[in-house]
Structure formats: C-alpha cells, structure tokens
Amino acid sequence: MLDRVLLHPEIVRHMHSPGRAHHANRVLRFIQQVCSTATHEALRVAARQAVGRSSLERFARRWVERADVFPPQPRAAMPVVNQS
C-alpha cells in the first residue's frame, strides 16, 4: 500500500506495480530519516509538484540534497593491549 503522503491521483497513476509502490515507500522513509525538514505536509506538497515521468527520482534527489541528519562516524578500532 502506498504511503498516504504519496496518495495523489497523478502519483498513483505512475505506480504500475506493488513493487513500485513499495520502493516509493522505502524512498519516503529514507528521506524522513535524513531530512529534519521532511514533515508529512512538506513531503506531500513536494510529491505533488514532482508528478510525472521519473518523478520519484527527482523528488528523492531534491530531498537528499537537503539532507541534514547523518549517521555517526564509525569509531576507529581501539588497539588491543596485551596485558600478559
């Protein structure tokens, strides 16, 4: 099932398969994780503006360019101290 943020007649029209809808939902969740400004309303407005051919890709690219939430940097491995 398509996320309610993406429920717009033109967007639904471009969802040709359940797999495409599932992919769109995953993209939406990723955007919400990396963009602090990606509220439901902001996403809904942007999705409606991006309707058309390859709109999901354009929509996602624009949001990823605004990403401001990143995972923490991995820590360097601590050297093993031989205590013998």
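Every value quoted in this text rests on a predicted model; they were computed, and no experiment measured them.

**Notes on the pattern of salt bridges**
Scanning all chains against the criterion turns up three salt bridges. Between glutamate 57 and arginine 20 there is a salt bridge whose closest N-O contact spans 3.5 Å. Note that glutamate 57 is positioned in helix H4 (residues 55-64) and arginine 20 in helix H2 (residues 18-34), a separation of 37 residues in sequence. Exposure remark for glutamate 57: the relative accessible area of 35% places this residue in the partly exposed category. Two residues, glutamate 41 and arginine 44, come together in a salt bridge whose shortest N-O distance is 2.7 Å. Residue glutamate 41 and its partner arginine 44 are located together in helix H3 (residues 40-49), separated by three residues, close to a single helical turn.

**Digging into the packing of aromatic side chains**
Counted by the stated rule, this structure contains zero aromatic pairs. The positively charged end of arginine 66 is found above the aromatic ring belonging to tryptophan 63, 4.2 Å away from the centroid.

**Some points on the confidence of the model for the protein**
Considering every residue of the protein, the mean pLDDT works out to 85; 89% of them sit at 70 or more. For the protein, per-element mean pLDDT is lowest for helix H1 (residues 9-13), which scores 84, and highest for H2, which scores 93.

**A closer look at the nonpolar core**
By size, the foremost hydrophobic cluster in this structure holds 21 residues, and its most contacted members are Leu2, Leu6, Ile31, Leu43, Phe59 and Trp63. Broken down by secondary-structure element, the contributors of at least two residues to this core are H2, H3 and H4. For this core, the leading source of residues is H2, giving six residues. Leave out the neighbours within four places in its chain, and leucine 6 touches Ile11, Val12, Ala24, Asn25, Leu28 and Ala47.

Cut-off values and rules
Residues numbered from 1 in each chain as written. Predicted model: local features only at pLDDT ≥ 70, side-chain atom pairs only at ≥ 80, totals over all residues. Heavy atoms only, no water. Salt bridge = Lys/Arg side-chain N within 4 Å of Asp/Glu carboxyl O. Helix = DSSP H or I, 4+ residues; strand = E, 2+ residues; numbered from the N terminus. Buried < 20%, exposed > 50% of the residue type's maximum accessible area, 1.4 Å probe, protein only. Phe/Tyr/Trp six-rings, centres within 6.5 Å; stacked < 30°, edge-to-face > 60°. Lys NZ or Arg CZ within 6 Å of the ring centre and 35° of its normal. pLDDT = per-residue confidence, 0-100. Core = buried A, V, L, I, M, F, W, Y, C linked by side-chain atoms within 4.5 Å. Contact = heavy atoms within 4.5 Å.

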